[in-house]
Amino acid sequence: MLMALMACSRPNRGAIEASLAWSRMSPLPESAGQIETIEKGSMFTREFEVSFQAEKADIEAWLAQSAGTQTAMVSNSGDTSVYKIAPGEGAQFARVYVDWTTLTVLIQTHWS
């Protein structure tokens, strides 16, 4: 099966919008920087990864106001929190990872 992997030097707005919809998360915080997107998949699957860094208070507020994290199962390993989210918009998988040391957030979603 032919798979595609595309890392964008400029953030892919479509990947960000799909990731937010599929993970049921609010728009990225105003202080979000170092935004990167990765798109994987074929004509039968699609996976997006969106990462960014932001101020701690902004990450906390973003998590608190997002629908996806309201019912998420949260686990912590060291300085990293993992939010297992019930995906939306027909997606099969949604996770948000927060590294509280580097203040880096990774959103992973996929649909098939």
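Preceding this paragraph is the structure being described.
Calculation criteria
Residues numbered from 1 in each chain as written. Predicted model: local features only at pLDDT ≥ 70, side-chain atom pairs only at ≥ 80, totals over all residues. Heavy atoms only, no water. Helix = DSSP H or I, 4+ residues; strand = E, 2+ residues; numbered from the N terminus. Rg over C-alpha atoms; globule rule 2.2 N^0.38 Å. Buried < 20%, exposed > 50% of the residue type's maximum accessible area, 1.4 Å probe, protein only. Lys, Arg positive; Asp, Glu negative; His and termini not counted. Charge placed at Lys NZ, Arg CZ, Asp CG, Glu CD. Core = buried A, V, L, I, M, F, W, Y, C linked by side-chain atoms within 4.5 Å. Salt bridge = Lys/Arg side-chain N within 4 Å of Asp/Glu carboxyl O. Contact = heavy atoms within 4.5 Å. Phe/Tyr/Trp six-rings, centres within 6.5 Å; stacked < 30°, edge-to-face > 60°. Polar contact = N/O pair within 3.5 Å; in protein donor to acceptor, adjacent residues only side chain to side chain.

## Some details on the overall build of the protein
Line of reasoning, step 1. Assigned secondary structure in the protein consists of 3 helices and 7 strands.
Line of reasoning, step 2. What you see in the protein, going N to C, is helices and strands ordered as β-α-β-β-α-α-β-β-β-β.
Line of reasoning, step 3. The C-alpha radius of gyration computed for the protein amounts to 13 Å, which stays within 12% of the reference 13 Å derived for 112 residues, consistent with globular compactness.
Line of reasoning, step 4. Dimensions of the protein along its principal axes, counting C-alpha atoms only, are 40 × 30 × 25 Å.
Line of reasoning, step 5. By residue count, 39% of the 112 residues in the protein fall in the buried class.
Line of reasoning, step 6. On the protein, the mean spot of the 8 positive side-chain charges and the mean spot of the 12 negative ones are 7 Å from each other.

## Points about the nonpolar core
Line of reasoning, step 1. With 19 residues, the main nonpolar core has L28, F52, W62, L63, V96, V105 and I107 as its most contacted residues.
Line of reasoning, step 2. Listing elements by their share of this core, those giving two or more residues are α1 (13-23), β3 (46-53), α2 (56-65), β6 (93-99) and β7 (104-111).
Line of reasoning, step 3. Among the nonpolar cores identified, the runner-up in size contains 5 residues, and A15, A18, F48 and A91 belong to it.

## Looking at the side chain of R95
Line of reasoning, step 1. Within the secondary structure, R95 sits in strand β6.
Line of reasoning, step 2. As a buried residue without a salt bridge, R95 has its nearest oppositely charged side chain in E47, at a separation of 11 Å.
Line of reasoning, step 3. Other than its neighbours up to four places away in sequence, R95 contacts V82, Y83, K84, I85, L106, I107 and Q108.

## Details of the packing of aromatic side chains
Line of reasoning, step 1. On inspection of all chains with the given rule, the structure shows 2 aromatic pairs.
Line of reasoning, step 2. Taking the centre distance of 5.4 Å and the plane angle of 45° together, the rings of W22 and F48 count as tilted. Here W22 is found in helix α1, whereas its partner F48 is found in strand β3, with 26 residues between them in sequence.
Line of reasoning, step 3. Plain terms: the ring middles of F52 and W62 are 5.4 Å apart, the flat faces sit at 85° to each other, and that makes the pair edge-to-face. Here the residue F52 occupies a position in strand β3, and W62 occupies one in helix α2, the gap between them amounting to 10 residues. Of the two residues, F52 and W62, both sit in the buried class.

## Focus on α1
Line of reasoning, step 1. Those residues of α1 that sit buried are A15, I16, A18, S19, L20, W22 and S23.
Line of reasoning, step 2. Considering only its buried residues, α1 is in contact with β2 (33-41), β3, α2, α3 (67-70), β6 and β7.
Line of reasoning, step 3. Capping the start of α1, N12 holds a side-chain oxygen 2.8 Å from the backbone nitrogen of G14, two or three residues further along.
Line of reasoning, step 4. Looking at the residues trailing α1, positive phi occurs at R24, about 60°.

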